Structures are given as structure tokens and as C-alpha cells.
Amino acid sequence: MRIKLQLATPDDVADLIALNTAVSERLRADFGEGYWVAKATEKGTLFTMRHAKVYIARYRKKLIARVNLTTRKPWAIDTKYFTPCARPIYIVGMSVDPTIQRGGVGRQCIAEAIRIAKEWPADAFRLDAWDAAAGAGEFYRKCGFREVGRATYRIAPLIYFEMML
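Heads up: these notes are all about the structure in this document.

1. Concerning the overall build of the chain
Looking only at helices and strands, the chain features 4 helices and 7 strands. Along the chain, from the amino end to the carboxyl end, the secondary structure elements read β-α-α-β-β-β-α-β-α-β-β. Relative to a compact globule of 165 residues, whose C-alpha radius of gyration would be 15 Å, the chain shows 15 Å and is just as compact. Projected onto its principal axes, the C-alpha coordinates of the chain cover approximately 40 × 35 × 30 Å. In the chain, once contacts between residues fewer than 6 apart in sequence are set aside, the share between residues at least 24 apart is 68%. Looking at the chain as shown, the accessible area adds up to about 9200 Å², and 53% of this sits on carbon and sulfur atoms.

Given below as C-alpha cells:
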């Protein structure tokens, strides 16, 4: 399956909510309750779309993945851990349909995000991942991201990652 990311529109909100709900339900089933389980809402999804570019991937018209990119530093990121650069892009959310995870879609999303970032232009990707079994730290390492630090935001332990472009 080959995917291509495209910008989401307000018409995609219901599908985005369904995807995020499926991911949260899988995380809850696999790891129990925790800060990694979130309730997706229309209001929250539209808020995200105002503050980040939400890119989606579809396969046979079904929404199978999303990646949220922004130049705005998220509140949970402490920039002292990162390599100084002029134009970082932050990955502030990524989801892959749980029924097709571990099939290469996530890696394709990262490859597409890199392509998009180079056109933006940007000189680095930055993100955080939960420092917990439910976190995606190993996925980001396998995709070529480098761990640059660890911190706790409120009660959530985080691992910071970057990829210089």
C-alpha cells in the first residue's frame, strides 16, 4: 500500500475523530488508562486544524493515518534540549489505524512529512513521545529520529526527538 499525505479539510473531521477514537481504544486495551488515552471531539479537532496543518492518508477512501505539523512550539516542548535552528517543524500528533499498524504506513507518513517539510522549508523536525510502554519512542528511533532529552510535563514523562533536515 502506497500512501500520499494531503491536507485535511473540515469535511474530514468525522473521519479524524473516528481514527483518533480507534487509536485511543487500542491504547486503552493494550496499556490501560493513562495520559495516552484521549477523547477526540469535533471542537478539539477543529482547534487542531486551526493551529496545525493536519495531513491525512486514505486508502480506498478510508482515512488510515494523520500527521499534524506546525511551526508553533508546543507548550510541552523545552527547546533547550534541541539543536538550535531557524525553522523547526513540530510533529504534534500522528495516528495510524490500529488495524494496519506495523505495516509500513507510519514510516511512509514520516517520509511524506519529510518531503513536505523540505518544501515548507524547514531545517528540523522536533517532537515528543510518551516515555511509557504506550509511547512511540522506538518507532521514531527506527525512522531516524535522535533522542535529545527527557522531561516531565505535568505528570507525563516525555522523550524529546529531533531529525535535522
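2. Things to note about the pattern of salt bridges
Pairing between side chains of opposite charge can happen when the charged atoms of each approach one another. As enumerated under the stated definition, the model contains 12 salt bridges in all. Ionic pairing is found between arginine 115 and glutamate 119, a salt bridge with its closest N-O pair at 3.3 Å. Placement of both arginine 115 and glutamate 119 in helix 3 (residues 105–119) is noted, with a separation of 4 residues, approximately one turn of the helix. Looking at arginine 115, the relative accessible area reads 30%, which means it is partly exposed. Glutamate 147 is the salt-bridge partner of arginine 150, the closest N and O atoms lying 2.7 Å from each other. For glutamate 147, a relative accessible area of 30% translates into the label partly exposed. In this structure, a network of salt bridges that share partners links the residues Asp131, Glu138, Arg141, Glu147 and Arg150.

3. Overview of a positive patch on the surface
A cluster of like positive charges, contributed by Arg26, Arg102, Arg107 and Lys142, occupies part of the molecular surface. Tracing the sequence through the fold places lysine 142 in helix 4 (residues 137–142). By relative accessible area, lysine 142 is classed as exposed at 57%.

4. A few points about the pairing of strand 7 (residues 156–164)
With respect to burial, strand 7 is a largely interior element, 7 of its 9 residues being buried. One ladder, built from 7 bridges, connects strand 5 (residues 124–130) with strand 7; its direction is antiparallel. Counterpart to arginine 126 in the pairing with strand 7 is glutamate 162. Here strand 6 (residues 146–153) pairs with strand 7 via 7 bridges, running antiparallel.

5. Remarks on the nonpolar core
Burial of nonpolar side chains together is a common tendency in soluble globular proteins. In terms of nonpolar packing, the biggest core is built from 29 residues, with Leu69, Phe125 and Phe145 touching the most fellow members. Sorting the residues of this core by element identifies strand 2 (53–59), strand 3 (62–70), strand 4 (88–96), helix 3, strand 5 and strand 7 as the ones contributing at least two each. Looking at this core element by element, the count peaks at 7 residues for helix 3. Excluding residues that lie within four positions of it along the chain, leucine 69 makes contacts with Ala52, Lys53, Tyr55, Ile89, Tyr90, Ile91, Ala113, Ile116, Trp120 and Phe125. Ile17, Trp36, Met49 and Leu63 belong to the second largest nonpolar core, which has 15 residues in total.

6. Re the packing of aromatic side chains
Within this structure, the stated rule accounts for 6 aromatic pairs. Relative to tyrosine 160, the ring of phenylalanine 82 lies with its centre 5.4 Å away and its plane at 45°, an arrangement referred to as tilted. One end of the pair, phenylalanine 82, is in the loop between strand 3 and strand 4; the other, tyrosine 160, is in strand 7, and 78 residues separate them in sequence. Taking relative accessible area as the criterion, phenylalanine 82 reaches 5% and is therefore assigned buried. Take tyrosine 160: its relative accessible area is 2%, and that puts it in the buried class. Members of the aromatic cluster, each reached through a chain of ring pairs, are Phe125, Phe139, Tyr140, Phe145 and Phe161. Sitting above the plane of the tryptophan 120 ring, lysine 53 keeps its charged end 5.1 Å from the centroid.

How each quantity is defined
Residues numbered from 1 in each chain as written. Predicted model: local features only at pLDDT ≥ 70, side-chain atom pairs only at ≥ 80, totals over all residues. Heavy atoms only, no water. Helix = DSSP H or I, 4+ residues; strand = E, 2+ residues; numbered from the N terminus. Rg over C-alpha atoms; globule rule 2.2 N^0.38 Å. Contact = heavy atoms within 4.5 Å. Areas by Shrake-Rupley, 256 points an atom, 1.4 Å probe, with all protein chains shown as cover. Salt bridge = Lys/Arg side-chain N within 4 Å of Asp/Glu carboxyl O. Buried < 20%, exposed > 50% of the residue type's maximum accessible area, 1.4 Å probe, protein only. Patch = residues over 30% accessible without salt bridge, like charges linked within 9 Å, V, L, I, M, F, W, Y side chains within 5 Å. Lys, Arg positive; Asp, Glu negative; His and termini not counted. Charge placed at Lys NZ, Arg CZ, Asp CG, Glu CD. Pairing = 2+ DSSP bridges. Core = buried A, V, L, I, M, F, W, Y, C linked by side-chain atoms within 4.5 Å. Phe/Tyr/Trp six-rings, centres within 6.5 Å; stacked < 30°, edge-to-face > 60°. Lys NZ or Arg CZ within 6 Å of the ring centre and 35° of its normal.

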